[in-house]
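In case you want the letters, here they are:
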Amino acid sequence: MAVWFCIIYVLTVMSCQVKKAVQALQAFLKTQTKPNRQPLLSDDHQQFGLLFTLWRIPRRSQTIRIPLPHKHRSETDDICLFTRDEPQMTPEQTQRFYKRLLEEKGVSSITEIIPYKALKTEYKPFEAKRRLLGNFDMFLSDDRIRRLLPSHLGKHFYERKKEPLCVNLQSKNLARDIQRLVQGTNLKVTKKGCCCMARIGHSGMTADEVTENIEAAVKTVMEKIRMDGSVMKVIHLKSQESVALPIYNSELSHLYEPTKKKPKTSNGEVRPGFSKGKFRTADVKTKQEKQEEEEEDIPQLVPIATPVKKPKLKVSSLLLCF
């Protein structure tokens, strides 16, 4: 708790420094735009990401969902929704059924709906899957078919970190649940390395909005990450075409654990009975016990007599007798 509280305190106190880093990054991106194109158009938004560097590699993988106060996706992002096959309906009828459902719930951010049967038939070739991956910026799926999707999507969805996020289409607050997924972001902590990145904004947002997203993301990550001790080493802010700007550096004080001092008496000597950081009661004997030990008779040791072996007769002496 103390570690993440220190990070939040540093980011809160140095929020102006974080804001300066965001402004410097936005100014750099403006200089990198082509002269024939108007800068910072809706199609030219570059994504901002937070690069987290941990002190050690995690023992297990983890996906952290991060709610953000400001939407980090542009209005032009395309979102695809995979749904289950409704009984006694064709894929076209299923598609119309869920379009009507989303309109009734007030959801307008979904670009296209693909039923599960259409995914298996129309997007079975490898080229079709790659084309599907490139046509959309985000994928959602009905939680009732989430276990069936990996075998039909392929590994490229997971390598590009575009695997579908699950949503309960039977929820009463469907619009709120989808809005949280679209507005929020995810951080994938793997056991293959100590670096992980989360998308927290784009170049079309204001500096204040990006700064607030950074503070919210860092706080959520430090609360939900499953690691003990000191976790975060460095936090960088970067875009797709820029260098990483450090906004937080951890201290090295936690690497040196203070040694336990041995308790001393008033004379400055080490207290007897101290061993390996733990106290044990010293064996203090009374005068009567010492006198009884001195008066006890020490038994004398009596040597054991060893049997004497008879000498063997020589052969020459036996011959003389005869």
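Residues numbered from 1 in each chain as written. Predicted model: local features only at pLDDT ≥ 70, side-chain atom pairs only at ≥ 80, totals over all residues. Heavy atoms only, no water.

In the nomenclature of an unreviewed UniProt entry, the protein chain corresponds to Ribosomal L1 domain-containing protein 1 from the organism Takifugu rubripes. As stated in UniProt under Sequence similarities (unreviewed entry), the record for the protein chain gives "Belongs to the universal ribosomal protein uL1 family. Highly divergent." Listed in UniProt under the heading Subcellular location (unreviewed entry), the comment for the protein chain reads: "Nucleus, Nucleolus". (UniProt positions renumbered as here; feature names shortened; annotations may be inferred.)

Asker: Would you mind going over the layout of surface pockets in detail, with residue names and values included?
Answerer: Estimates place the volume of the largest pocket at around 1,000 Å³. Taken together, 34 residues make up the lining of the largest pocket; nearest its centre are Arg 73, Lys 161, Thr 185, Asn 186 and Arg 199. Only strand S1 (47–54), strand S2 (62–66), strand S5 (138–142), strand S6 (165–167), helix H8 (174–183), strand S7 (185–189), strand S8 (195–202) and strand S9 (232–239) provide two or more residues apiece to the lining of the largest pocket. Element by element, the count of residues in the lining of the largest pocket is highest for H8, at four residues. (1 Å grid on protein atoms, 1.4 Å probe; cavity = no way out; pocket = protein on both sides within 12 Å on 5 of 7 lines; lining within 4 Å. Points joined across faces, edges and corners; volume = space filled by probe spheres on them. Helix = DSSP H or I, 4+ residues; strand = E, 2+ residues; numbered from the N terminus.)

Asker: For the nonpolar core, give the residues involved together with the corresponding values.
Answerer: Where a protein is soluble and globular, its nonpolar side chains tend to be buried together. In terms of nonpolar packing, the biggest core is built from 33 residues, with Leu 50, Phe 52, Leu 187, Ile 214 and Leu 237 touching the most fellow members. Sorting the residues of this core by element identifies helix H2 (15–31), S1, S2, S7, S8, helix H9 (207–224), S9 and strand S10 (245–249) as the ones contributing at least two each. A per-element tally of this core places H9 first, with seven residues. Ignoring sequence-local partners within four residues, the contact set of Leu 50 consists of Cys 196, Met 197, Ala 198, Ile 200, Ile 214, Ala 217, Val 218, Ile 235, His 236, Leu 237 and Ile 247. (Core = buried A, V, L, I, M, F, W, Y, C linked by side-chain atoms within 4.5 Å. Buried < 20%, exposed > 50% of the residue type's maximum accessible area, 1.4 Å probe, protein only. Contact = heavy atoms within 4.5 Å.)

Asker: Could you give an account of the pairing of S5, with specific residues and numbers?
Answerer: The buried count for S5 comes to five of five residues, which makes it a mostly enclosed element. Here S5 shows two buried faces, one formed by Met 138, Leu 140 and Asp 142 and the other by Phe 139 and Ser 141. Bridge analysis of strand S3 (residues 79–83) against S5 gives four bridges, and the strand direction is parallel. Bridge assignment links Cys 80 to a residue of S5, and that residue is Phe 139. (Pairing = 2+ DSSP bridges.)

Asker: Go over the sheet that holds S3, please, and point to the residues and values.
Answerer: The strands that make up a sheet pair up through hydrogen bonds in the backbone, lying either parallel or antiparallel. Across the sheet, which stays open at both edges, the four strands sit in the order S4-S3-S5-S6 with parallel pairing between neighbours. One side of each edge strand has no neighbouring strand; the edge strands of this open sheet are strand S4 (112–115) and S6. Ignoring which end each strand starts from, the neighbouring axes of this sheet average 30° apart. Pairing analysis gives three bridges linking S5 to S6, with the strands arranged parallel. Each residue of the ladder has a partner; that of Asp 142, found in S6, is Val 167. (Axes fitted to C-alpha atoms, helices over the stretch in contact; angles between N-to-C directions.)

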